[in-house]
Amino acid sequence: MSGRATGAAETAATGEAGAAGRPFVPDATRLPAGATGVVVVDLGAIRGNYLALRSLAGRAECAAVVKADAYGLGAAKVVPALNRAGCRTFFVATPDEGAAALRLAPGATVYVLDGLIKGAGPAIAAAGVRPVLTGLDEVREWAALGPPEGRSPPAALHIDTGLHRLGLPAADLDRLAGEPGLLARLDLRLVISHLAAADEPLNPMNGMQRQAFLARAAHFPGLPRSLAASDGLMIGEDFHFDLVRPGYALYGGQAMPERPAPVVPAVSVHARILQVADVPAGAPIGYSATYRTRSRRRIATIAAGYADGVFRHLSRASGSQGGEIAIAGRRAPIVGRVSMDLVTADVTDLPEGLVARGGLAELIGATIGLEEVGGRAGTIGYEVLTRLGRRFHRLYLPDANGGG
Ligand SMILES: *Cc1c(COP(=O)(O)O)cnc(C)c1O
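If you're wondering where the values come from, they're calculated on a predicted model, not measured in any experiment.

### Side note on the side chain of His240
Here is step 1: Tracing the sequence through the fold places His240 in the loop between helix 11 (230–235) and strand 10 (243–244).
Here is step 2: At 2.9 Å, the side chain of His240 and the backbone oxygen of Leu233 are in polar contact.
Here is step 3: If near-sequence neighbours (up to four positions away) are discounted, His240 is found in contact with Leu56, Ala57, Ala60, Arg225, Gly232 and Leu233.

### Some points on the site of the ligand
Here is step 1: The environment of the ligand is formed by 13 residues, the closest being Lys67, Tyr71, Ser230, Gly247 and Tyr382.
Here is step 2: The separation between an oxygen atom of the ligand and a polar main-chain atom of Tyr248 is 2.8 Å.
Here is step 3: Taken by itself the ligand offers 390 Å² of open surface, and the protein chains cover 91% of this.
Here is step 4: Per-class residue counts for the shell around the ligand are seven nonpolar, three polar and three charged.

### Section: the environment of Ala261
Here is step 1: Tracing the sequence through the fold places Ala261 in the loop between strand 10 and strand 11 (267–279).
Here is step 2: Here Ala261 falls in the buried class, since its relative accessible area comes to 10%.
Here is step 3: Separated by 123 residues in sequence, Ala261 and Glu138 place their C-alpha atoms 35 Å apart.
Here is step 4: Excluding residues that lie within four positions of it along the chain, Ala261 makes contacts with Met234, Ala249 and Gln254.

### A look at helix 7 (residues 136–143)
It helps to recall that an α-helix has 3.6 residues per turn; residues three or four apart then point in one direction.
Here is step 1: Of all the positions in helix 7, only Leu136, Glu138, Val139, Trp142 and Ala143 are classed as buried. Taken end-on, helix 7 shows its buried residues confined to a sector of 160°, consistent with a single buried face.
Here is step 2: Looking at the buried side of helix 7, the elements it contacts are helix 6 (121–127), strand 6 (130–133), strand 7 (154–158), helix 8 (170–177) and helix 9 (180–184).

### Some details on the sheet that holds strand 3 (residues 64–65)
Here is step 1: The strand order 3-4-5-6-7-8-9 describes an open sheet built from seven strands, whose pairing is parallel. Taken across any chain shown, the strands that pair with only one partner, and hence form the sheet edges, are strand 3 and strand 9 (225–226).
Here is step 2: Examined bridge by bridge, strand 7 and strand 8 (residues 187–192) share five bridges and lie parallel to one another. Looking across to strand 8, one finds that Ala155 is bridged to Leu188.
Here is step 3: Sitting on the sheet, helix 7 is in contact with strand 6 and strand 7, with an inclination near 145° to strand 6.

About the criteria used
- Residues numbered from 1 in each chain as written.
- Predicted model: local features only at pLDDT ≥ 70, side-chain atom pairs only at ≥ 80, totals over all residues.
- Heavy atoms only, no water.
- Helix = DSSP H or I, 4+ residues; strand = E, 2+ residues; numbered from the N terminus.
- Polar contact = N/O pair within 3.5 Å; in protein donor to acceptor, adjacent residues only side chain to side chain.
- Contact = heavy atoms within 4.5 Å.
- Near = heavy atom within 4 Å.
- Areas by Shrake-Rupley, 256 points an atom, 1.4 Å probe, with all protein chains shown as cover.
- Nonpolar A, V, L, I, M, F, W, Y, C, P; charged D, E, K, R; others polar.
- Buried < 20%, exposed > 50% of the residue type's maximum accessible area, 1.4 Å probe, protein only.
- Arc of directions from axis to C-beta.
- Pairing = 2+ DSSP bridges.
- Axes fitted to C-alpha atoms, helices over the stretch in contact; angles between N-to-C directions.

Shown next, in the form of structure tokens:
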């Protein structure tokens, strides 16, 4: 498997595969002939990002959040790469994701953040993953799975400190603490909470949640504690506790511009130019004719649409804002509506010869970063990543250990 992926990366590379600081640009002529686009995932960058975040975490263990198929990048490749980088604890959202992660990283510890879906206890236990128990009813249901007089399999406990999404509220924690018989039937290994405003380092809610976490986790002396995701990790050491659990930053995401994470981009997306055509002044472009050319223009039609994760919000009507594409570092505006399979860009101002049928246009990459795309699409980079379509070719650049 790794040999084939390495070969693909080498043959499709025009630059050094995964060389630090040198953005990788795939060679269109080396992609499968029918590929409409390519998602390039740099496993070496993900490995480097993991090591950088781990070193920042200091004495805290650095886990990895690989929910939603490793944020859309492909758990099948990303989880083994993180495991090779030394990651031993993974967080996912669902039991199925958990079972898959454990198959990909045998022997690792895998936590399921959705907790114990009602009735799913036996399946979760059989899979060998750990639910992050998120309510008193879940605690009771999990405890009941153990043998009479014995303990149920290992689990984590999620306590709410103000996000009011998942987790035991203070009153239920007190109730749990008041039931030593119930606690004795649990094998808790970790207590977590989640920050609501960690992307704003100065938001007072961070400190309030931290104080609440300290106070409420005190019900479980000696139990390892975890509060920080990617941006909590960047707020500071006070938030690291015993284990940090970044996701987005591993993939190069920068959720907090005022305190950037020491990570590099790990993903780029490029799509095929299908056609380049000159259109006259006043010509409508795309569905509903929302955009009209003001002069004679050259329009490139690119094989990427909302089915591939190009947000329809990136459409541009005449006089409005929209997305951009780039070719060889030169930007061109998306014009007209993004449709299911196609997008049109005005490439008139790009140098002659740069825009050729069969070539590639960058949708996310060295010129147009993930955060910019999220901003222009009226969303966040997280959503952009997790919505990357499934029909693009996927190219995995190997990590340092030659895996991939
Ligand atoms: C998704 C998630 C994370 C990871 O968040 P990032 O911002 O991607 O680092 C950590 N903890 C919980 C509870 C989550 O839901």
